[in-house]
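One-letter residues, chain by chain:
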Amino acid sequence: METTMCATVCRVCNRALLVCDHCTNQMVIVHTNHARCFFPGNHVCIHFNGVMTGSMPPQISAICICCC
């Protein structure tokens, strides 16, 4: 089941974003090959398969990310 997270980009890395989830105020690492398309401060909608690791911070793999 696909899930959507709305978040603000806090940091951009080579193949990942560090975002702050708007619903939980939690920091999440988002793995994506398109990380360099985004900038800190961007508001994004992240579509992912609903699986989130139990690590700190939790991690997800994006299916699609778009600015919102």
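## Some thoughts on the overall build of the protein chain
On a plain count of helices and strands, the protein chain comes out with 0 helices and 5 strands. For 68 residues, the compact-globule estimate of 2.2 N^0.38 gives 11 Å, and the C-alpha radius of gyration of the protein chain, at 10 Å, lies within 12% of that figure. For the protein chain, with 68 residues in total, the buried portion stands at 32%. Within the protein chain, residue pairs in contact and separated by at least 24 positions form 44% of the contacts whose partners lie at least 6 positions apart. As displayed, the protein chain offers around 4,100 Å² of accessible surface, 58% of which is attributable to carbon and sulfur atoms.

## Structural notes on the sheet that holds strand β4 (residues 43-48)
Spatially, β1-β2-β3-β5-β4 is the arrangement adopted by the 5 strands of the closed barrel, whose pairing is mixed. This sheet shows a mean twist of 55° between the axes of neighbouring strands, independent of strand direction. Bridge analysis of strand β1 (residues 3-12) against strand β2 (residues 16-21) gives 5 bridges, and the strand direction is antiparallel. Within β2, the position partnered with T8 by the bridge is C20.

## As for the pairing of strand β3 (residues 27-31)
A one-sided burial pattern is seen for β3, the buried positions being V28 and V30 and the unburied ones M27, I29 and H31. Relative to β3, β2 runs antiparallel, the two being bridged by 5 bridges. Its bridge partner lying in β3, L18 is registered against I29.

## Topic: the environment of M27
Of note, M27 is situated in strand β3. For M27, a relative accessible area of 32% translates into the label partly exposed. Along the backbone, M27 and N14 are 13 residues apart, and their C-alpha atoms lie at a distance of 18 Å.

## Brief notes about the nonpolar core
In this structure, M5, L17, V19, V30 and I46 are the most contacted members of the largest nonpolar core, which totals 15 residues. If one sorts the elements of this core by residue count, β1 sits on top with 4 residues. The contacts of V30, once residues within four sequence positions are left out, are R15, A16, L17, V19, I46, I60, A62 and I65.

## Remarks on unusual backbone geometry
Here the amide bond leading from M56 into P57 is cis, since omega sits at -5°, within 30 degrees of zero. Of note in this structure, N25 is not a glycine but carries a positive phi near 60°. Looking at the element boundaries, N25 is found in the loop between β2 and β3.

Criteria and thresholds
Residues numbered from 1 in each chain as written. Predicted model: local features only at pLDDT ≥ 70, side-chain atom pairs only at ≥ 80, totals over all residues. Heavy atoms only, no water. Helix = DSSP H or I, 4+ residues; strand = E, 2+ residues; numbered from the N terminus. Rg over C-alpha atoms; globule rule 2.2 N^0.38 Å. Buried < 20%, exposed > 50% of the residue type's maximum accessible area, 1.4 Å probe, protein only. Contact = heavy atoms within 4.5 Å. Areas by Shrake-Rupley, 256 points an atom, 1.4 Å probe, with all protein chains shown as cover. Pairing = 2+ DSSP bridges. Axes fitted to C-alpha atoms, helices over the stretch in contact; angles between N-to-C directions. Core = buried A, V, L, I, M, F, W, Y, C linked by side-chain atoms within 4.5 Å.

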